[in-house]
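Next come the chains, spelled out residue by residue.
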Amino acid sequence: MTSATQTDTMSIGRHLLGLEDLSAEQIVAILDRAESYRRRMENGGGRLDDLNGVVVANLFFEPSTRTRTSFSLAARRIGADTVDFSAGGSSLSKGETFVDTALTIEAMGVDLVVCRHRTPGAPHLLARHLQAGVLNAGDGTHEHPTQALLDMLTIRQRRDIAGLRVALVGDIRHSRVARSNIHGLKKLGADVVVCGPATLIPRSITQMGVEIAHDLDEILPEVDCVNLLRVQFERQRGAFFPSIEEYAHLFGMTAERVRRARDGLLVLAPGPINRGVELTPEVADGPNSLILSQVTNGLYVRMACLSMLAQQRRQTAARREQPA
Amino acid sequence: MTSATQTDTMSIGRHLLGLEDLSAEQIVAILDRAESYRRRMENGGGRLDDLNGVVVANLFFEPSTRTRTSFSLAARRIGADTVDFSAGGSSLSKGETFVDTALTIEAMGVDLVVCRHRTPGAPHLLARHLQAGVLNAGDGTHEHPTQALLDMLTIRQRRDIAGLRVALVGDIRHSRVARSNIHGLKKLGADVVVCGPATLIPRSITQMGVEIAHDLDEILPEVDCVNLLRVQFERQRGAFFPSIEEYAHLFGMTAERVRRARDGLLVLAPGPINRGVELTPEVADGPNSLILSQVTNGLYVRMACLSMLAQQRRQTAARREQPA
Amino acid sequence: MTSATQTDTMSIGRHLLGLEDLSAEQIVAILDRAESYRRRMENGGGRLDDLNGVVVANLFFEPSTRTRTSFSLAARRIGADTVDFSAGGSSLSKGETFVDTALTIEAMGVDLVVCRHRTPGAPHLLARHLQAGVLNAGDGTHEHPTQALLDMLTIRQRRDIAGLRVALVGDIRHSRVARSNIHGLKKLGADVVVCGPATLIPRSITQMGVEIAHDLDEILPEVDCVNLLRVQFERQRGAFFPSIEEYAHLFGMTAERVRRARDGLLVLAPGPINRGVELTPEVADGPNSLILSQVTNGLYVRMACLSMLAQQRRQTAARREQPA
């Protein structure tokens, strides 16, 4: 485990748009900061006031109770005020309106904007127009950096990431979680194999430095960690695989598969899980499952990201006020 | 009125699921704690910090602005952070999903979960799976303990409950408010009579130690308090009584009925009231009506329940950390 | 600019229902208080605690993310707790129910109620029944005082209002923003001209001391400020003007029109703007546009109004407690 003091002056820039843009050192700095928040909270921290006076806006254009709540709680646990804009009806097709909405929110004194949008690049568009810091909470099939960071924090609490062999299982094609995990894990030195039905893995993914597999049972004996991507039934109208039953049969994590894997296999799954599909209840509630630990780490990772961006913002403001 | 100091070390356990489970002493302890919050608030208390660092989640699977707001305000008035999950679309028929949702919320660092659900026993299911304390904010037709506690606090501020004769009027069959009131009032020594159309009073209710009446005018001269249950029009598709007009004629509280009752008749009604149905506007706004006092006491009762469960949680945590 | 110390003991009464009821001195006092909050916030104020212990309820019977968020943020920035009641389904036709809802909220310990309703006079009805202070956040076509106050603050930061010539452009007939602006601007000594299609300007408006014009190009060389009212497409079913294109052609603010206007023309627009209708993107993002400044000033104006009403409430309470 890295010492927090080594990395606590590291900047991750003004925005957090994706792990593709970060260096290994910046990723480690976020994970270290998250660990430091975990320790403070576990030592009975209560409500901290690191971000006293900071206002965080949640700008969610896709419904998401879990991620939005996690960001809200993270912000308030470190002393920030929060405000929610869950504009279900809005659309990036009215391009300027989306930016106008964000500019209006910013004009209300908002410091950091957490944005989820179904269009890849939506947070990047905001970042070009706002003074506020922008955090990508998921943009279409592109990136979901805080999810990958919490996955990595959960792994790192148990194993060194460098040299670890991690399998991402399921719908790689549509998964921003997969993309962000690949960027992050590769930068920290892990080997990544993506595994799923051929229809759900684009061949071009090999350009990201990962291996492709279609048979979970074949790779299972060689991996240290499986991250079971959620089957998004709402996307499956296009019939990328024959049936849920067949998917569960081929790619679902069962107790029997856990027994055939390496000892201490780490089982991750970004929620909400479909019990009986990506994994059986026995595995979900079993000793290898880190699902609830991921949720808790999500809070710490978001505290870390928010506080690092707020710190950057304060420094930028202070520099502006200094005489030339 | 009992002294608060006598009862302020009393525990009500890890959860508050129903008044059936509490002793008279525990109920008195909650009412005393609520009175003590009333005094602190009336002496210009502002925002207290008794629950600093505690996170309370509202998990409402039935719509309820009033109760949810009351719990939120109560939690924040004593320094807790709150988070709302109003999952209208969810259902206990997906049993594990409901528990998974609650486990996820708990993993975000939630200490207390306030749960409303249309299925009797839903909060008990949560209590079996969560480390967090669970407060029942209404489970189907089963119990609604904080409503009964605020009713009792409102009565106790004016009269001794022991020996008092209280009538619960209306739809006893479907009323969790009635059931919780019966448990609580009987434990504190009141006589309870339930009064309503025969279709809306199950015969088996006498097993709870109450009398049954079908003629309000007959019992009115003998009771000290009437609690006018809300006619839930949404449940009346089954036609349990001929018409709203007839219900109002037979069971509605009018100024004329108040005149024929004992002096100082206490008139309670869990809101939102249907003016002209359970009671006339004249009675609702008259000197016997305690409706708004009930709302205010709801805040104090919920502050009391939340703080007693938080205290229990701290003690349990402290005990765990002590050497064996 | 007036000194804040001159006006900081001025009372605006128990409620803020409309600018029609306020004196010029009271309006100036609000603007001064708002300026003082601006200075405190810009000097790194963070979260102030002027309203510690005060509870502000948002009672919005019309959807409004912007105004509701602005009031919430304003309340919390000065230390108040907030609670939202966005009762979309409610209606003033159930007269007593609306008041009962407000009385219930008040009984939960609410000090100030911010009310938006489609029926003119709805907040006045609340003011007659509540002890809490009532702020009108828009009542039908009647008044929207805080919008006019933020418009005036934005103007006053750049020019003396006395003697200024201001044009209100667009749908005067249905605009509470226009009515509140007329009351406020006239009291502070501005000349006001209303300009729009004949169908959207009632002749009786001249009784408010304003001039009427139907040709924007005719009046443009003589005005110092234009306030471009929002075209409310949802109201235009009645076909008050032939088409959006024609409206934009006749009354839309273009770069060409700005060039033909006085130097330093102040361009205001209560959002959300329809780009290409009331004004072109070039004007909206140009140097004359004060749109985002209006949003920021909205926060300061609402902080000022909330704090003045809370102060009044404290004084009234203190007076009640003094011996006669």
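Residues numbered from 1 in each chain as written. Chains lettered and ligands numbered in written order. Predicted model: local features only at pLDDT ≥ 70, side-chain atom pairs only at ≥ 80, totals over all residues.

### Describing the overall build of chain A
Definition in use: Each helix is a run of H or I in the DSSP string that is no shorter than four residues. Each strand is a run of E no shorter than two, and both are numbered from the N terminus. Values of the radius of gyration come from C-alpha atoms, whereas the globule rule sets the reference at 2.2 Å times the count of residues to the power 0.38. For every residue, the other C-beta atoms within 10 Å of its own C-beta are counted; 20 or more classify it as buried, 12 or fewer as exposed, and values in between as partly exposed. C-beta atoms are placed from the backbone. Here, residue contact means that the backbone-derived C-beta atoms of the two residues sit within 7 Å.
When helices and strands are counted, chain A shows 12 helices and nine strands. The globule rule puts the C-alpha radius of gyration for 324 residues at 20 Å, and the 20 Å found for chain A is close to it. Referenced to the eigenvectors of the C-alpha coordinate spread, the extents of chain A come out at roughly 65 × 45 × 35 Å. For chain A, the proportion of its 324 residues judged to be buried stands at 52%. Counted over contacts in chain A with a minimum sequence separation of 6, partners at least 24 positions apart contribute 74%.

### Focus: the relation of the copies chain A and chain B
Formally: The copies are overlaid by a least-squares fit using only the C-alpha atoms of residues whose pLDDT is at least 70 in both copies.
Each copy of the sequence occupies a distinct position, and chain A is placed on chain B by a rotation of 120 degrees and an axial shift of 0.1 Å, giving an RMSD of 0.0 Å. Both copies of the chain, as the preceding transformation shows, are related through a three-fold rotation axis. When each C-alpha of chain A is compared by its distance to the rotation axis, Asp81(A) comes out closest, at 6.6 Å.

### Remarks on the domain arrangement of chain A
Heads up, the condition is: Where each domain begins and ends follows an automated or database-derived domain assignment. Under the grouping applied here, Gly and all other residues not named as nonpolar or charged are polar, the nonpolar ones being Ala, Val, Leu, Ile, Met, Phe, Trp, Tyr, Cys and Pro and the charged ones Asp, Glu, Lys and Arg.
Split into domains, chain A comes out as domain 1 (4-142 + 296-316) and domain 2 (159-289). Among the residues making up the side of domain 1 of chain A that touches domain 2 of chain A, the classes are represented as three nonpolar, five polar and three charged.

### Comments concerning the nonpolar core
Let me state the cut-off plainly: A set of buried Ala, Val, Leu, Ile, Met, Phe, Trp, Tyr and Cys residues, joined through C-beta atoms within 7 Å, is what we mean by a nonpolar core.
Among the nonpolar cores identified, the biggest contains 321 residues, and Val113(A), Leu306(A), Val113(B), Leu306(B), Val113(C) and Leu306(C) are the most heavily contacted of them. When neighbours within four sequence positions are excluded, Val113(B) is seen to be in contact with Ala57(B), Leu59(B), Ala102(B), Ile105(B), Leu126(B), Leu130(B), Ala132(B) and Val134(B).

### Considerations on unusual backbone geometry
Trans is the common state for peptide bonds, and a negative phi is the common state for residues other than glycine. Each neighbour pair has its own omega, and for Gly271(A) with Pro272(A) the value is -10 degrees, a cis peptide bond. As for its position among the elements, Pro272(A) is in the loop between β9 (266-268) and α11 (281-284).

### Points about the environment of Val56(A)
All names here are of chain A. Along the chain, Val-56 turns up in strand β1 (residues 55-60). Distance from Val-56 to Ser-175, taken between C-alpha atoms, is 26 Å for residues 119 residues apart in sequence. For Val-56, the residues in contact, after removing those within four places along its chain, are Ala-75, Ala-80, Thr-82, Asp-111, Leu-112, Val-114 and Leu-306.

### Focus: the interface of chain C and chain B
Each partner contributes residues to the interface: chain C has 13 residues there, and chain B has 18 residues. For the side of chain C that touches chain B, the secondary-structure elements that each account for two or more residues are β2 (81-85) and α4 (95-107) of chain C. With five residues, the top contributor of residues to the side of chain C that touches chain B is α4(C). Its residues placed into classes, the side of chain C that touches chain B shows six nonpolar, four polar and three charged.

### Considerations on the sheet that holds strand β4 (residues 133-139) of chain A
All names here are of chain A. To keep it simple, the criterion reads: When DSSP locates at least two bridges between a pair of strands, those strands are taken to pair. In this description, a line fitted to the C-alpha atoms serves as the axis of each element, helices being fitted only across the stretch in contact, and the angle between N-to-C directions of two axes falls anywhere from 0 to 180 degrees.
Overall, parallel pairing links the four strands, which are arranged β2-β1-β3-β4 in an open sheet. On the outer flanks of this sheet lie β2 (81-85) and β4, each paired with one strand and no other. Going across the sheet, the axis of each strand differs from the next one's by a mean of 15 degrees, ignoring polarity. In terms of strand pairing, β1 meets strand β3 (residues 112-117) through five bridges, oriented parallel. Of the residues in β3, the one forming a bridge with Ala-57 is Val-113. Along the sheet face, helix α3 (residues 65-77) touches β1, β2, β3 and β4 and points at about 175 degrees away from the line of β1.

### Focus: the pairing of strand β4 (residues 133-139) of chain B
Here is the key point about a regular strand: its side chains alternate between the two faces of the sheet. To be explicit about the condition: Looking down the strands as they point away from you, a crossover is right-handed if its path from the first strand over the helix to the second goes clockwise.
Of all the seven residues making up β4(B), seven are buried; the element is thus mostly covered by neighbouring parts of the structure. Read as a crossover between parallel neighbours, the route from strand β3 (residues 112-117) of chain B over helix α5 (residues 122-129) of chain B to β4(B) is right-handed.

### Things to note about the sheet that holds strand β2 (residues 81-85) of chain B
The strand order β2-β1-β3-β4 (chain B) describes an open sheet built from four strands, whose pairing is parallel. The outermost strands of the open sheet, each flanked by one partner alone, are β2 and β4 of chain B. Neighbour-to-neighbour, the strand axes of this sheet turn through a mean angle of 15 degrees, independent of strand direction. Against the sheet, α3(A) contacts β1 (55-60) and β2 of chain B, and its axis sits at roughly 175 degrees relative to β2(B).

### Let's talk about the interface of chain A and chain B
The interface is formed by 18 residues belonging to chain A together with 13 residues belonging to chain B. If you list the elements that add at least two residues to the side of chain A that touches chain B, you get α3 and α12 (291-321) of chain A. It is α3(A) that contributes the most residues to the side of chain A that touches chain B, seven residues altogether. Each residue belonging to the side of chain A that touches chain B can be placed in one class, and the counts come to seven nonpolar, seven polar and four charged.

### Let's talk about the environment of Pro281(A)
Within the element layout of this structure, Pro281(A) appears in helix α11. Taking the C-alpha atoms as reference, Pro281(A) lies 27 Å from Leu185(A); in sequence the two are 96 residues apart.

### Observations concerning the confidence of the model for chain A
Residues and elements named next belong to chain A. The criterion, for reference: Confidence scores labelled pLDDT are given residue by residue by the predictor and lie between 0 and 100.
Per-residue confidence for chain A averages 91 on the pLDDT scale, and 91% of its residues sit at or above 70. Counted against residues more than four places away or in other chains, residues 1-5, with its pLDDT under 50, gives seven contacts. Note on residues 89-95: pLDDT under 50 across the span, and seven contacts to partners over four residues away in sequence or across chains. Note on the complex model: pTM 0.92, ipTM 0.89.

### Comments concerning helix α5 (residues 122-129) of chain C
Residue pairs three or four apart in sequence face the same way in an α-helix, which turns once every 3.6 residues. Just so we agree on the cut-off: In this description, one arc is meant: the one made by directions from the helix axis to the C-beta atoms.
For α5(C), the complete set of buried residues consists of Ala122(C), Pro123(C), Leu126(C) and Ala127(C). The arc that holds the buried residues of α5(C), viewed along the axis, is 140 degrees, so those residues lie on one side.

### Details of helix α6 (residues 145-156) of chain B
Put simply, the test is: Multiplying 1.5 Å by the helix residue count minus one yields the expected span of that helix.
Given a rise of 1.5 Å per residue, 12 residues ought to cover 16 Å, and the 16 Å separating the end C-alpha atoms of α6(B) matches this to within 8%. For α6(B), the full list of buried residues reads Pro145(B), Thr146(B), Gln147(B), Ala148(B), Leu149(B), Leu150(B), Asp151(B), Met152(B), Leu153(B), Thr154(B), Ile155(B) and Arg156(B).

### Some remarks on the packing of helix α2 (residues 24-42) of chain A against helix α6 (residues 145-156) of chain A
Residues and elements named next belong to chain A. Counted only if it meets this: By the definition adopted for this analysis, an angle is roughly parallel if under 35 degrees, roughly antiparallel if over 145, roughly perpendicular if from 65 to 115, and oblique otherwise. Here is the rule for handedness: rotate from the far helix to the near one, and if that takes an anticlockwise turn smaller than a right angle the crossing is left-handed, while a clockwise turn gives right-handed.
Contact geometry for α2 and α6: axes closest at 10 Å, N-to-C directions at 70 degrees. Between α2 and α6, the angle falls in the class roughly perpendicular. By crossing handedness, the relation of α2 to α6 is classed as right-handed. Only Leu-149, Met-152, Leu-153 and Arg-156 of α6 make contact with α2, whose side of the interface consists of Ile-30, Leu-31 and Ala-34. Its residues assigned to classes, the contact of α2 with α6 comprises six nonpolar, no polar and one charged.

### Section: the pairing of strand β5 (residues 165-169) of chain A
Residues and elements named next belong to chain A. Burial analysis of β5 places four of its five residues in the buried class, which makes it a mostly covered element. Direction of pairing for β5 relative to strand β6 (residues 191-195): parallel, over a ladder of five bridges. By the bridge assignment for β6, Arg-165 is matched with Asp-191. With helix α7 (residues 176-187) bridging β5 and its parallel neighbour β6, the resulting β-α-β unit is right-handed. Here β5 runs beside strand β8 (residues 225-228); their pairing, made up of four bridges, is parallel. Residue Leu-168 lies in a different strand from β8, and its bridge partner there is Asn-227.

### Let's talk about the environment of Cys225(C)
All names here are of chain C. The topology assignment puts Cys-225 in strand β8 (residues 225-228). A residue is classified by how many C-beta atoms lie within 10 Å of it, and Cys-225, with 27 of them, is buried. Separated by 89 residues in sequence, Cys-225 and Asn-136 have C-alpha atoms that sit 25 Å apart.

### Quick look at the packing of α6(A) against α7(A)
Residue and element names in this part refer to chain A. One can describe the packing of α6 onto α7 by two numbers: an axis separation of 8 Å at closest approach and a directional angle of 55 degrees. The pairing of α6 with α7 is recorded here as oblique in orientation. Crossing hand, α6 versus α7: right-handed. Contacts between α6 and α7 pair Pro-145, Gln-147, Ala-148, Leu-149, Asp-151 and Met-152 from the former with Val-177, Ser-180, Asn-181, Gly-184 and Leu-185 from the latter. The residue inventory of the contact of α6 with α7, partitioned by class, reads six nonpolar, four polar and one charged.

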